[in-house]
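Chains, contacts and geometry: an overview
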Amino acid sequence: AEASEADGITATAHGSFNNPPKPLTTGIARVLEQLADVGRGVGVSFDTQSSGGVCDGNKLASVGLPVVDTLGPVGGAIHSTDEYLDLPSLVPRAKLSAGLLRGYASGRFEPPPRGIL
């Protein structure tokens, strides 16, 4: 609105912002079970919870892709000047992600099919 008031500038808003919810689907539950299995092998335990927020994962999940967020290192105060990273979490969390991918590559885990809701 302020830009439209500047001399010689016209601004018009088009479209909308839409981030659908990311419910716990059968596909996501399967990936979480596989992650828990890997976690037991590499000494990483985790809890799952529903949370608010907006990410590209919401859009991917809306077309049927099983999406699991926050597999990265532990930290907090995201997107603020107080954001931090727990350095000792880097290696265990990398092992968790690598173990899941290794499980798919080796055939130990069956990837959930696209569109499983």
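Residues numbered from 1 in each chain as written. Predicted model: local features only at pLDDT ≥ 70, side-chain atom pairs only at ≥ 80, totals over all residues. Heavy atoms only, no water.

1. A closer look at the confidence of the model for the protein
For clarity, the threshold we go by: Confidence scores labelled pLDDT are given residue by residue by the predictor and lie between 0 and 100. Where helices and strands are cited, they refer to DSSP runs of H or I of at least four residues and of E of at least two residues respectively, numbered from the N terminus.
Model confidence for the protein is summarised by a mean pLDDT of 85, while 91% of its residues fall at 70 or above. Ranking the elements of the protein by mean pLDDT puts helix H1 (residues 2-5) last with 68 and strand S2 (residues 84-85) first with 96.

2. A word on helix H4 (residues 90-106)
The test is simple: An expected span of 1.5 Å times one less than the residue number is assigned to each helix. Each residue is assigned to one of three classes by its accessible area relative to the maximum for its type, calculated with a 1.4 Å probe on protein chains only: buried under 20%, partly exposed between the two thresholds, exposed over 50%. Here the arc refers to the directions that run from the helix axis out to each C-beta atom. Pairs of residues are marked as contacts when any of their non-hydrogen atoms sit within 4.5 Å.
Between its first and last C-alpha, H4 extends 24 Å over 17 residues, near the 24 Å set by a 1.5 Å rise per residue. Where H4 is concerned, the buried positions are Arg93, Leu96, Gly99, Leu100 and Gly103. Taken down its axis, H4 places every buried residue within 115° of arc, on the same side. Turned more than 90 degrees away from the buried face of H4 sit Val91, Leu101, Arg102, Ala105 and Ser106, all of them exposed. Where H4 is buried, its residues contact helix H2 (26-42). Following H4 by one or two positions, glycine 107 adopts a phi angle in the positive range, close to 90°.

3. Section: the pattern of salt bridges
To be explicit about the condition: When a carboxyl oxygen of Asp or Glu lies within 4 Å of a side-chain nitrogen of Lys or Arg, that pair is called a salt bridge.
Scanning the model with the defined rule gives three salt bridges in all. A salt bridge links lysine 22 to aspartate 69, with the shortest nitrogen-to-oxygen separation between them at 2.1 Å. Here the residue lysine 22 occupies a position in the loop between H1 and H2, and aspartate 69 occupies one in the loop between helix H3 (56-62) and strand S1 (75-76), the gap between them amounting to 47 residues. You can call aspartate 69 partly exposed: its relative accessible area is 32%. Salt-bridge contacts for aspartate 37 lead to arginine 40; the nearest nitrogen and oxygen are separated by 3.6 Å. Taken together, the residues span about one helical turn, with aspartate 37 and arginine 40 both in helix H2 at a distance of three residues. The exposed category is assigned to arginine 40, whose relative accessible area is 62%. Here the salt bridges share partners, and the residues they tie into one network are Asp37, Arg40 and Arg108.

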